[in-house]
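# Structural overview for review
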Amino acid sequence: MDTDRARLRRTLRSQRNALDRHEQAAASASVNRILRTTHRFRVSRRIAFYIAEDGEIDISGLMERAWSMGKTCYLPVLSHLINDRLWFAPVEPDTPMVFNRFGIPEPAVPSRQLRDARHLDLILLPLVGFDGAGNRLGMGGGFYDRSLEFLRHRTSWHKPRLYGVAHELQKVDQLAVQPWDVPLQAVVTDRQIYFFDRGR
């Protein structure tokens, strides 16, 4: 099963990276437009974004929109102290950035400003693949799953809401579900938004 997931991950990343600059820009513009019209984006005050890498959908335009609406924006920060969990750092247009061990920029803020996922209203997650049941295939590090593990033990869905962000070509028929996987409530692609039966 691990081999199958690794093979699928390579295939989907290759297809995503095969998109040219214009296709990537058009897909990102479409996703930003769809996301900003959702009820969840409009009502959320504390939203986690990500910095696009490896052909991921660029949602920086949506983060600028969120700033203009007075929302507090966050970016994930990788912790070396607690099982490689993610914390979330507030970010503004002038926040200094540093590179983590994967070469991904993170806000350089004091540790007292870092927030646990429980404090957020909405987390926008990058992904490598997803299926029609809201299962997500990530890069394989398990950082989001470890950081959101508390959501698997709740009897009803509470914040944060989890929305995946992807190219339409990243949708697959079915993903093998692992015990540690945390399902999404929605996935927004350049074509449409998929809502799953876990509230919106």
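Residues numbered from 1 in each chain as written. Predicted model: local features only at pLDDT ≥ 70, side-chain atom pairs only at ≥ 80, totals over all residues. Heavy atoms only, no water.

## A look at the overall build of the chain
Keep this limit in mind: What counts as a helix is a DSSP run of H or I of at least four residues, what counts as a strand is a run of E of at least two, and both are numbered from the N terminus. Both definitions apply: the radius of gyration is a C-alpha atom measure, and the globule rule equals 2.2 Å times residues to the power 0.38. Only protein chains enter the accessibility calculation, which uses a 1.4 Å probe; a residue is then buried when its area is under 20% of its type maximum, exposed when over 50%, and partly exposed in between. Here, two residues are considered to be in contact whenever any of their heavy atoms come within 4.5 Å of each other. Using a 1.4 Å probe, accessible areas were evaluated by the Shrake-Rupley method; residue-level cover was limited to the displayed protein chains.
From N to C terminus, the chain includes five helices and eleven strands. Taking 200 residues into account, the globule formula puts the C-alpha radius of gyration at 16 Å, and the chain, at 16 Å, falls close to it. Dimensions along the principal axes, computed over C-alpha positions, put the chain at roughly 40 × 40 × 35 Å. Burial status across the chain gives 48% buried among its 200 residues. Considering only residue pairs separated by 6 or more positions, the chain has 68% of its internal contacts joining residues 24 or more positions apart. Summing over all exposed atoms, the chain offers an accessible surface of approximately 10,200 Å²; the carbon and sulfur share of this is 50%.

## What to know about helix α4 (residues 60-68)
As a reminder, the rule being used: Taking the helix axis as origin, the arc is that swept by the directions to the C-beta atoms.
Leu-62, Met-63 and Ala-66 are the residues of α4 that are buried. Seen from one end, α4 has its buried residues packed into an arc of 105 degrees, which puts them on one side. Opposite the buried face of α4, by more than 90 degrees, sit the exposed residues Glu-64 and Ser-68. On its buried face, α4 is in contact with α2 (21-36), α3 (39-43), β2 (72-78) and β6 (122-126). A positive backbone phi angle near 80 degrees is found at Gly-70, which sits one or two residues after α4.

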